[in-house]
Amino acid sequence: MHGFLGSRLAQIIPTLLLVSVIVFGLQSLMPGDPAMVIAGESAGDTAVVAQIRHQLMLDKPVPVQYLHWLDNILHGNLGYSWRLQEPVLQLVEQKLPVTAQLSVMAFFFAVVIGVPMGVISAVKRNSAWDWLANAVGLFGLSIPTFWLGIVLILLVSVQLGWLPPSGYVPLTRNWVQSLATTIMPAFVLGNAIAAILMRHTRSAMLVALSQDYVRTARAKGLREYVVIVRHALRNALIPVVTLGGLQLGALLSGAVLTEQVFSVPGFGKMVVDAVYNRDYPVIQGVVLVTALLYVLLNLITDLLYLAINPRLRGA
Amino acid sequence: MSTTTSLASALTVSESPARIALGRFLRHRSAMFGLALSLLFVIVALAAPLISPHSPIVTDWSAIRLAPSWTHPMGTDEIGRDELARVIFGARATLLAGVVSVLIAAAIGVPAGVVAGFARGWIDAVLSRIVDAMLAIPFLILAIALAAFLGPNLRNAMIAIGVTTAPIFMRVARGTTMDVMTHDYIEAARAVGNPPWRVAVQHVLPNTFPPLLVQATLSIATSIIAEASLSFLGLGEQPPTPAWGSMLNAAQQFMTQAPWLAIFPGMAIFLTVLGFNLMGDGLRDALDPRRL
């Protein structure tokens, strides 16, 4: 266990360092001089531009700039938003709980829809149920998240008036209102992941159902429900947990578009606003924090996988 | 009986694996439906000027937000442009982005993957760590960041999506190369004195093709969604040139007055992506080496 954790951490550190190089390298893609962009209307004033260049260390060689930037990051300084004049880390801290709530709810939808659909599809293989589940899965993979969101707003909010079309109420303020504002975006976000989970569950269940222990359980005269849920599904879920963990990146990506469509003031919406306002430090900060989150969540998934799979515990 | 059957099948299956796979693909009903759907959109994109009933950019202030009718089957938008014409011309940006992004991704990822799988050692370690780092950043977030820094236009969106997709191609090419390298014909090619580069280019690379073809088809689908997402966020094709994503973004402001504007471009994205996904699934079934 400790050996596994040690080797995973040894992999993570160089990965995160390379991520930091990529994120830092983003600013070199910017057309023109960043100092001129920040200077805005004062771009014509060479003294102002020179001062900004000095402040941002743009007059230093690139490796020095990178090390200075990395040193700041390691001390929790992700830079300042050009537009809001607030520390990026503070903005991230404000927005992250909103996206976390949305992601947890989305993952709940993904599991509740994807896993049973995968099980039914495998158990009733080549039946109408299997066909239907596959069609729903393919639909989930092919429909753009933001369009599903728009269509649901049209149907549920504009036509039926059942749920608010946009906005967000924190859980701590009013949980009913909070659920009402997040249930639709969470469903939209969870939909694509449900499709992926459905496919994985189906193939894992097909493998599990063909194993000897399932045949033995059936031969013992156990009820079919018990055979499927207690014997086949329990084993099939092991790879699904890992693959589910890998979908966390898809959740964070999807959150950008979903939050934009439903005007949920989370992490994703912050990226979009930063893109509209050309607030580059915020974009860089968001990319860095998402990568860190993704790597950490994957580490947790690996540990979870280790916990539920007794065969790997000795590793 | 079983010996006779296997003998008979061995005799009848004297065709090349590629022909068998093609036959299997052509008999795959959903893959054929996907191919037809994708081809339909490709034809629409290519023949846009010939089939479009109106101009996609000419405004008509007397026809603002008209509901679908015989004259305008998909209605008109907020400045009186024909929605059908914009959906037809919008296919160009979307399909171009889908194909070009995948070509960029393959041009970066495949050589890197083949080199990593062929050379192994420190080259593999360095390339694999770079891929790990890129894959640690969620796909769309990296694409958005790249497109935002490069500047908003279709060319940069395609570069951003291509670069972001490249690690997947690198992984597939690396894995396949490592698998191909275990085969006897590679050993034979080396034994007769071929230099490493010739073994890699003439013997390894062609054999990595089937899984890469499946990956390319499925990646066109994800690239189309990515392009639509970027143009929805204003990072793709710029107005007045139509793109399905930016049309949906504009439609959001008129959800109650003109809901049709939010339906048709989204339907077009959905059907195109569905077509490529069906085709990719069918190709995967047809090229599955376990079934060959």
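Values in this document were obtained by computation on a predicted structure and should not be read as measured data.

## Section: the overall build of chain A
Part 1 of the argument: Helix and strand counts for chain A come out as 13 helices and zero strands.
Part 2 of the argument: Along chain A, helices and strands appear, N-terminal first, in the series α-α-α-α-α-α-α-α-α-α-α-α-α.
Part 3 of the argument: Its C-alpha atoms put chain A at 85 × 55 × 35 Å along the principal axes.
Part 4 of the argument: A burial count over chain A gives 46% of its 315 residues as buried.
Part 5 of the argument: When contacts within chain A are restricted to residue pairs at least 6 apart in sequence, those whose partners lie at least 24 apart make up 69%.

## A short note on the overall build of chain B
Part 1 of the argument: Along the backbone of chain B there are 13 helices and zero strands.
Part 2 of the argument: C-alpha atoms of chain B, sized along the principal axes, occupy 75 × 50 × 30 Å.
Part 3 of the argument: Buried residues in chain B amount to 52% of all 292 residues.
Part 4 of the argument: For chain B, the proportion of contacts with a sequence separation of at least 24, taken over those separated by at least 6, is 73%.
Part 5 of the argument: When the accessible area of chain B is evaluated, it comes to approximately 13,300 Å², of which 68% is carbon and sulfur surface.
Part 6 of the argument: The average position of the 18 basic charges and that of the 16 acidic charges among the side chains of chain B differ by 6 Å.

## Let's talk about the packing of helix α12 (residues 244-251) of chain B against helix α13 (residues 260-287) of chain B
Residues and elements named next belong to chain B.
Part 1 of the argument: Here α12 crosses α13 at 150 degrees, and the two axes come no closer than 8 Å. It follows from the interaxial angle that α12 and α13 lie roughly antiparallel. α13 is crossed by α12, and the crossing has left-handed handedness. Counting all contacts with α12, which are made through Trp244, Gly245, Met247, Leu248 and Ala251, the residues of α13 involved are Leu261, Ala262, Pro265, Gly266, Ala268, Ile269 and Thr272.

## Concerning unusual backbone geometry
Part 1 of the argument: Cis rather than trans, the peptide bond between Pro239 of chain B and Pro240 of chain B has omega equal to 10 degrees.
Part 2 of the argument: Structurally, Pro240 of chain B is set in the loop between α11 (209-232) and α12.
Part 3 of the argument: Located in the positive-phi region is Asn126 of chain A, a residue other than glycine, with phi close to 65 degrees.
Part 4 of the argument: One can find Asn126 of chain A in the loop between α5 (88-123) and α6 (128-142).
Part 5 of the argument: Owing to a relative accessible area of 68%, Asn126 of chain A belongs among the exposed residues under this scheme.
Part 6 of the argument: Of note in this structure, Ser263 of chain A is not a glycine but carries a positive phi near 50 degrees.
Part 7 of the argument: Take Ser263 of chain A: it is sitting in the loop between α11 (248-261) and α12 (267-276).
Part 8 of the argument: What makes Ser263 of chain A partly exposed here is its relative accessible area of 36%.

## Some remarks on helix α8 (residues 175-209) of chain A
Residue and element names in this part refer to chain A.
Part 1 of the argument: Helix length check: α8 (35 residues) gives 41 Å between terminal C-alpha atoms against 51 Å at 1.5 Å per residue, more than 12% under.
Part 2 of the argument: The sharpest bend along α8 measures roughly 40 degrees and falls at Thr182, with the proline Pro185 sitting one to four residues further on.
Part 3 of the argument: The residue sitting at the N-terminus of α8 and contributing the capping side-chain oxygen is Asn174; that oxygen lies 3.2 Å from the backbone nitrogen of Val176.

## Regarding the interface of chain A and chain B
Part 1 of the argument: In this assembly, 43 residues from chain A lie in contact with 43 residues from chain B.
Part 2 of the argument: Buried area between chain A and chain B, summed over both chains or domains, comes out near 3,800 Å², and the portion from carbon and sulfur atoms is 81%.
Part 3 of the argument: One can count one salt bridge joining chain A with chain B.
Part 4 of the argument: Residues Asp281 of chain B and Arg199 of chain A are paired through a salt bridge, measuring 2.7 Å at the closest nitrogen-oxygen approach.
Part 5 of the argument: Between chain A and chain B we count five residue pairs in polar contact (both at pLDDT 80 or more) in total.
Part 6 of the argument: Those elements that provide at least two residues to the side of chain A that touches chain B are α1 (2-26), α6, α7 (145-159), α11, α12 and α13 (280-308) of chain A.
Part 7 of the argument: Of all the elements, α13 of chain A adds the most residues to the side of chain A that touches chain B, at eight residues.
Part 8 of the argument: Along the lines of polarity and charge, the residues of the side of chain A that touches chain B split into 34 nonpolar, eight polar and one charged.

## Regarding the confidence of the model for chain B
All names here are of chain B.
Part 1 of the argument: Looking at chain B, pLDDT values average 88 and 94% of them are 70 or higher.
Part 2 of the argument: At the level of individual helices and strands, chain B shows its lowest average pLDDT in helix α1 (residues 2-12), which scores 50, and its highest in helix α3 (residues 29-46), which scores 95.
Part 3 of the argument: Quick note on the complex model: pTM equals 0.88, ipTM equals 0.86.

## Side note on the environment of Phe107 of chain A
All names here are of chain A.
Part 1 of the argument: Here Phe107 is to be found in helix α5.
Part 2 of the argument: Separated by 181 residues in sequence, Phe107 and Leu288 have C-alpha atoms that sit 23 Å apart.
Part 3 of the argument: In contact with Phe107, other than residues within four places in its own chain, are Ile193, Gly244 and Leu251.

## Details of the nonpolar core
Part 1 of the argument: In this structure, Met205 and Ile283 of chain A together with Ile144 of chain B are the most contacted members of the largest nonpolar core, which totals 161 residues.
Part 2 of the argument: Looking at this core element by element, the count peaks at 14 residues for α13 of chain B.
Part 3 of the argument: The contact partners of Met205 of chain A, leaving out residues within four places of it in the chain, are Val119, Ala122, Val123, Ile228, Ala232, Leu233 and Ala236 of chain A.

## Notes on the packing of aromatic side chains
When we look at a pair of aromatic rings, we describe it by the centre distance and by the angle of the planes.
Part 1 of the argument: This model, assessed by the stated rule, comprises 11 aromatic pairs over all chains.
Part 2 of the argument: When the ring of Phe109 of chain A is compared with that of Phe187 of chain A, the centres are 5.7 Å apart and the planes differ by 90 degrees; the resulting orientation is edge-to-face. Here Phe109 of chain A, found in helix α5, pairs with Phe187 of chain A, found in helix α8; they are 78 residues apart in sequence, far enough to count as distant.
Part 3 of the argument: On the numbers, 5.9 Å between centres and 80 degrees between planes, the contact of Phe41 of chain B with Trp244 of chain B is edge-to-face. On the criterion of sequence distance, the pair formed by Phe41 of chain B in helix α3 and Trp244 of chain B in helix α12 is long-range, its members being 203 residues apart.
Part 4 of the argument: On the basis of relative accessibility, which here comes to 11%, the residue Phe41 of chain B falls in the buried class.
Part 5 of the argument: Aromatic ring contacts, followed pair by pair, group Phe24, Tyr66 and Trp69 of chain A into a single cluster.

## Points about the layout of surface pockets
All names here are of chain A.
Part 1 of the argument: Size it by volume and the second largest pocket reaches roughly 680 Å³.
Part 2 of the argument: Around the second largest pocket, the lining is made up of 25 residues, and of these Leu56, Gly79, Tyr80, Trp82 and Pro281 lie nearest the centre.
Part 3 of the argument: At the level of secondary structure, the elements contributing two or more residues to the lining of the second largest pocket comprise α2 (34-39), α3 (46-55), α4 (62-74) and α13.
Part 4 of the argument: Examining the composition of the lining of the second largest pocket, we find that five residues originate from one element, α4, more than from any other.
Part 5 of the argument: When residues of the lining of the second largest pocket are assigned to domains, at least three fall in each of domain 1 (2-60) and domain 2 (88-314).

Conventions used here
- Residues numbered from 1 in each chain as written.
- Chains lettered and ligands numbered in written order.
- Predicted model: local features only at pLDDT ≥ 70, side-chain atom pairs only at ≥ 80, totals over all residues.
- Heavy atoms only, no water.
- Helix = DSSP H or I, 4+ residues; strand = E, 2+ residues; numbered from the N terminus.
- Buried < 20%, exposed > 50% of the residue type's maximum accessible area, 1.4 Å probe, protein only.
- Contact = heavy atoms within 4.5 Å.
- Areas by Shrake-Rupley, 256 points an atom, 1.4 Å probe, with all protein chains shown as cover.
- Lys, Arg positive; Asp, Glu negative; His and termini not counted.
- Charge placed at Lys NZ, Arg CZ, Asp CG, Glu CD.
- Axes fitted to C-alpha atoms, helices over the stretch in contact; angles between N-to-C directions.
- Parallel < 35°, antiparallel > 145°, perpendicular 65-115°, else oblique.
- Left-handed = near helix turned anticlockwise from the far one by under 90°.
- Expected span 1.5 Å × (residues − 1).
- Bend = angle between axes of the 7 residues up to and from the residue.
- Polar contact = N/O pair within 3.5 Å; in protein donor to acceptor, adjacent residues only side chain to side chain.
- Buried area = accessible area lost by both parts, 1.4 Å probe.
- Salt bridge = Lys/Arg side-chain N within 4 Å of Asp/Glu carboxyl O.
- Nonpolar A, V, L, I, M, F, W, Y, C, P; charged D, E, K, R; others polar.
- pLDDT = per-residue confidence, 0-100.
- Core = buried A, V, L, I, M, F, W, Y, C linked by side-chain atoms within 4.5 Å.
- Phe/Tyr/Trp six-rings, centres within 6.5 Å; stacked < 30°, edge-to-face > 60°.
- 1 Å grid on protein atoms, 1.4 Å probe; cavity = no way out; pocket = protein on both sides within 12 Å on 5 of 7 lines; lining within 4 Å.
- Points joined across faces, edges and corners; volume = space filled by probe spheres on them.
- Domains from an automatic or database assignment.

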